[in-house]
Amino acid sequence: MPHNDNAIERDLPNELSKPATRALSGTGYLRHEQFAKPQGSYLHGTGPKAMDLISDTLATKGLSFAKGS
């Protein structure tokens, strides 16, 4: 099987809703580590449930949201 060099590596939680995944991916958030940097408020399509899932996944990797997020 050929390797796809255009494949984008993501590690967002599989449990995220499709709108939340699209909102995050569409604005460049593809990896958990990006949430450890200061962020603004919720993105359209990502509500408290999505942010809780991301927070829980960050915690399993020893990370957390940056202060002011």
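Remember, predicted model here, so these are calculated numbers, not experimental data.

Colleague: Tell me what's going on with the overall build of the protein chain, and back it up with residues and numbers.
Modeller: Summing up its helical and strand segments, the protein chain has 2 helices and 0 strands in all. Burial status across the protein chain gives 29% buried among its 69 residues. A separation of at least 24 residues holds for 44% of the contacts in the protein chain among residues at least 6 apart in sequence. By element, 53% of the accessible surface of the protein chain is carried by carbon and sulfur atoms, the whole surface being about 5000 Å².

Colleague: Explain the nonpolar core residue by residue, including any values.
Modeller: For soluble globular proteins, the rule of thumb is that nonpolar side chains tend to be buried together. In terms of nonpolar packing, the biggest core is built from 10 residues, these being Leu12, Leu16, Ala20, Leu24, Tyr29, Phe35, Ala50, Met51, Ile54 and Leu58. Looking at this core, the elements that each hand over two or more residues are helix 1 (18–26) and helix 2 (48–60). At 4 residues, the largest contribution of residues to this core is made by helix 2. Setting aside its immediate chain neighbours within four residues, isoleucine 54 contacts Pro13, Leu16, Leu24, Phe35 and Phe65.

Colleague: Describe the confidence of the model for the protein chain, naming the residues involved and giving the relevant values.
Modeller: For the protein chain, per-residue confidence averages 75 on the pLDDT scale, and 72% of positions sit at 70 or higher. Within the model, the stretch residues 1–6 combines pLDDT values under 50 with 0 contacts to residues more than four positions away or in other chains.

Colleague: Report on the side chain of aspartate 11, specifying residues and quantitative values.
Modeller: Relative to the helices and strands, aspartate 11 resides in the segment before helix 1. By relative accessible area, aspartate 11 is classed as buried at 16%. When residues no more than four places from it in sequence are discounted, the contact partners of aspartate 11 are Leu30, Arg31, His32, Glu33 and Lys61.

Colleague: Could you give an account of helix 1, naming the residues involved and the relevant values?
Modeller: Looking only at helix 1, the buried set comprises Ala20, Ala23, Leu24 and Ser25. Where helix 1 is buried, its residues contact helix 2. Its side-chain oxygen 3.2 Å from the backbone nitrogen of alanine 20, serine 17 forms the N-cap of helix 1. The first or second residue beyond helix 1 is glycine 28, which carries a positive phi of 95°.

Colleague: Can you lay out the environment of asparagine 14 for me, pointing to particular residues and giving the numbers?
Modeller: Here asparagine 14 is to be found in the segment before helix 1. The exposed category is assigned to asparagine 14, whose relative accessible area is 77%. The sequence separation of asparagine 14 and leucine 53 amounts to 39 residues, and the corresponding C-alpha distance is 9.4 Å.

Quick notes on the rules
Residues numbered from 1 in each chain as written. Predicted model: local features only at pLDDT ≥ 70, side-chain atom pairs only at ≥ 80, totals over all residues. Heavy atoms only, no water. Helix = DSSP H or I, 4+ residues; strand = E, 2+ residues; numbered from the N terminus. Buried < 20%, exposed > 50% of the residue type's maximum accessible area, 1.4 Å probe, protein only. Contact = heavy atoms within 4.5 Å. Areas by Shrake-Rupley, 256 points an atom, 1.4 Å probe, with all protein chains shown as cover. Core = buried A, V, L, I, M, F, W, Y, C linked by side-chain atoms within 4.5 Å. pLDDT = per-residue confidence, 0-100. Polar contact = N/O pair within 3.5 Å; in protein donor to acceptor, adjacent residues only side chain to side chain.

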